[in-house]
Amino acid sequence: MARLKKILNRKNYIPVLLDLTDTNHFELTAKINGIKGRFILDTGASNTCVGIDKADHFRLVSEASEIKAAGAGAREMETLISDKNSIQIGHWKCKKLKIVIFDLIHVNEALTMHQAKPVDGIIGSDILIKAKAVIDYKKKFLYLKK
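Attention in this report is confined to the structure presented alongside it.

Here we take up unusual backbone geometry. The phi angle at Q115 is positive, at roughly 60°, despite the residue not being glycine. Tracing the chain through its elements places Q115 in the loop between α2 (105-113) and β9 (121-123). Phi at K132 takes a positive value of approximately 50°, unusual for a residue other than glycine. Locating K132 in the fold gives a position in the loop between α3 (125-130) and β10 (134-136).

What follows is about the sheet that holds β10. Ordered in space as β1-β11-β10, the three strands form an open sheet in which the pairing is antiparallel. Each end of this open sheet is capped by a strand with a single partner; those strands are β1 (13-17) and β10. Mean inter-strand twist for the sheet, computed between neighbouring axes without regard to direction, equals 25°.

Tallied over the entire structure, the rule returns three aromatic pairs. With a centroid separation of 5.8 Å and an interplanar angle of 45°, the aromatic rings of F26 and Y137 are classed as tilted. Here F26, found in strand β3 (residues 26-32), pairs with Y137, found in the loop between β10 and β11 (141-145); they are 111 residues apart in sequence, far enough to count as distant. Pairing F39 with F58 gives two aromatic rings, centres 5.9 Å apart and planes at 45°, and the pair type is tilted. Pair noted here: F39 is in strand β4 (residues 35-41) and F58 is in the loop between β5 (49-51) and β6 (63-71), with a separation of 19 residues, a long-range link. In this structure, F39 and F58 share a single accessibility class: buried. A cation over an aromatic ring shows up here: K5 above the ring of F141, its NZ or CZ 5.8 Å from the ring centre.

A surface patch of positive charge is lined by R3, K5, K6, R10, K11, K138 and K139. The topology assignment puts K139 in the loop between β10 and β11.

A word on the pairing of β11. In this structure, β1 lies alongside β11, joined through five bridges in antiparallel fashion. Residue pairing in the sheet places L17 in a bridge with F141 of β11. The pairing of β10 with β11 spans three bridges and is classified as antiparallel. Its bridge partner being in β11, I135 is matched across the sheet by L142.

Okay, the pairing of β4 next. Of all the seven residues making up β4, five are buried; the element is thus mostly covered by neighbouring parts of the structure. Hairpin connection of β3 to β4: two residues between the antiparallel strands, including N33 at a positive phi of 50°. In the sheet, β4 pairs with β9 via three bridges, with the strands oriented parallel. What sits directly across from F39, in β9, is G121.

L28, I87, I89 and I123 are the most contacted members of the largest nonpolar core, which totals 27 residues. Among the elements of the structure, β1, β3, β4, β7 (74-89), β8 (92-102), α3 and β11 are those that each provide at least two residues to this core. Here this core takes five residues from β8, the largest share from any one element. Residues within four places of I89 in sequence aside, it is in contact with V16, L28, T29, A30, I123, I127 and L144. Within the second largest apolar cluster, 12 residues are counted, among which are I81, V100, F102 and V119.

Rules used in this analysis
Residues numbered from 1 in each chain as written. Predicted model: local features only at pLDDT ≥ 70, side-chain atom pairs only at ≥ 80, totals over all residues. Heavy atoms only, no water. Helix = DSSP H or I, 4+ residues; strand = E, 2+ residues; numbered from the N terminus. Pairing = 2+ DSSP bridges. Axes fitted to C-alpha atoms, helices over the stretch in contact; angles between N-to-C directions. Phe/Tyr/Trp six-rings, centres within 6.5 Å; stacked < 30°, edge-to-face > 60°. Buried < 20%, exposed > 50% of the residue type's maximum accessible area, 1.4 Å probe, protein only. Lys NZ or Arg CZ within 6 Å of the ring centre and 35° of its normal. Patch = residues over 30% accessible without salt bridge, like charges linked within 9 Å, V, L, I, M, F, W, Y side chains within 5 Å. Areas by Shrake-Rupley, 256 points an atom, 1.4 Å probe, with all protein chains shown as cover. Salt bridge = Lys/Arg side-chain N within 4 Å of Asp/Glu carboxyl O. Lys, Arg positive; Asp, Glu negative; His and termini not counted. Charge placed at Lys NZ, Arg CZ, Asp CG, Glu CD. Core = buried A, V, L, I, M, F, W, Y, C linked by side-chain atoms within 4.5 Å. Contact = heavy atoms within 4.5 Å.

In structure tokens form, the structure reads like this:
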């Protein structure tokens, strides 16, 4: 049987190395609107998110949202929405990304309690679906379709 990497390479997938943290989260580097940041890969997150404290850093233009965010022990958090953003993960790019902006303090507090570094945001299933992502957990690679 051919190796996963070879199969996906033939199908025009781009490999992205993942970093497994001490908290068992996969992290990766991505650029939003051309600006580099650290993100958790979260298959359970419906949308890609950025912390409200990082919105200006990533040049996100936002508007109020009716959507309430929940997760990682927090519920009913106010959110903002930012449309028409670009994202680059490795050599994979998307030019029209909607990003949810909300307070990630609870996420970063949990990470720092375990001596992990805080993150700028979360890469959610919206990206994973759009990129027809494949995750190789053993080899710590994310594959995104060109």
